[in-house]
Amino acid sequence: MRSFIFGTDWGADCDDCVAMRIACRAMKRGEINILGIGINCVKEHAYASLKAFLKLEGVDVPVGIDTRSHETDGWTWTENYQPRLAKLCPELSNKDAKSAVRVYRRAIAEASGKVEIMEIGFLQVLGDLLRSEGDDISPKTGMELVREKVEKIWLMAGRWDVDGGREFNIAWTPLTREASSYIFENCPVPMVFLGWEVGDSVITGGNLDREDYLWKALNDHGYGEGRSSWDPMLVLLACTGDIEKAGYDTVRGKASLEKDTGKNHFAPDPNGKHAYVVKNHPDSYYEDMINILIK
């Protein structure tokens, strides 16, 4: 069974909820194992609402947070669906959560085999992981742990249909831009990007029963008729593990990011360690697949 660490800007948009259901159901089917989750966009009810969602899905996974992510405060939708979910775990607050970097380090260090990372949010936790020093969890640095134990990183990040594109997850704040630039330049393992252009026109979730707590989360966020599927498509791609089978072609090369502007670039290279995906099918193909999985 493949093992994953899962990073999310939980609360910044509601497609994270759809993505989380796909991952949780894949775990319950025995297809993947989620070793830990890191929240990289933290608001008042972040930890309690995610723990509640996982409880509703029947999944128990360690969750950590990045306490610096208040720098994403310009995003006004963050709290919309969290308060409703948080009421199901009123005893929990953000101060109960561990550091996301420690959750990642422990998950990687204690894993019996290789680990993969799927990231659908901001990249500062992943950057901090790479730059972390040895500690009580492992004497190895984060770079050493990732090089030895992480097989691949799957990211919903970037805009690759135009040179110099800007995408929210890697361009929103100086914190995320610096981390993204560092990761693109220094990460020692292969990375696969699903860009903004892939998921924007794929709308999912509107088919859900109106009593489903996932639909209520979408509706609280203003998308009861369905939301763009950036994060669900990345998670489904990662869980499938086979890019062609998941319905994509790839362009291989080297990704880079301008720290000052947040513009991303890609230099094609058939031997490159980075790749971004291109859809092989019409939007309805991916919509149908996701809507069936989350129903």
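Heads up: the structure comes first, above all this text.
For clarity, every value in this text was computed on a predicted model and none was experimentally measured.

Caption draft 1: Structural context of the overall build of the chain. The number of helices and strands found in the chain is twelve helices and 13 strands. In terms of overall dimensions, the chain has a C-alpha envelope of 50 × 50 × 40 Å along the principal axes. Burial statistics for the chain: of 295 residues in total, 58% are counted as buried. Put simply, of all contacts in the chain between residues at least 6 apart along the chain, 80% involve residues at least 24 apart. Accessible surface, the chain as shown: approximately 11,800 Å² in total, 50% of it carbon and sulfur. Mean positive and mean negative side-chain charge positions of the chain (36 and 46 charges, respectively) differ by 3 Å.

Caption draft 2: Just the sheet that holds strand S7 (residues 165-166), in detail. If you walk across this open sheet you meet the eleven strands as S4-S3-S2-S1-S5-S6-S8-S13-S11-S12-S7, and the pairing is mixed. Of all the strands in the sheet, just strand S4 (98-99) and S7 have a single pairing partner and so form its edges. Pairing analysis gives five bridges linking strand S11 (residues 248-257) to strand S12 (residues 263-268), with the strands arranged antiparallel. In the strand pairing of S12, Ala255 is matched with Phe266. In the packing of helix H2 (residues 46-57) onto the sheet, contacts are made with strand S2 (32-39) and strand S3 (63-65), and the angle to S2 comes to roughly 160 degrees. Along the sheet face, helix H8 (residues 174-186) touches S7, strand S8 (191-194), S11 and strand S13 (274-279) and points at about 110 degrees away from the line of S11.

Cut-offs and rules
Residues numbered from 1 in each chain as written. Predicted model: local features only at pLDDT ≥ 70, side-chain atom pairs only at ≥ 80, totals over all residues. Heavy atoms only, no water. Helix = DSSP H or I, 4+ residues; strand = E, 2+ residues; numbered from the N terminus. Buried < 20%, exposed > 50% of the residue type's maximum accessible area, 1.4 Å probe, protein only. Contact = heavy atoms within 4.5 Å. Areas by Shrake-Rupley, 256 points an atom, 1.4 Å probe, with all protein chains shown as cover. Lys, Arg positive; Asp, Glu negative; His and termini not counted. Charge placed at Lys NZ, Arg CZ, Asp CG, Glu CD. Pairing = 2+ DSSP bridges. Axes fitted to C-alpha atoms, helices over the stretch in contact; angles between N-to-C directions.

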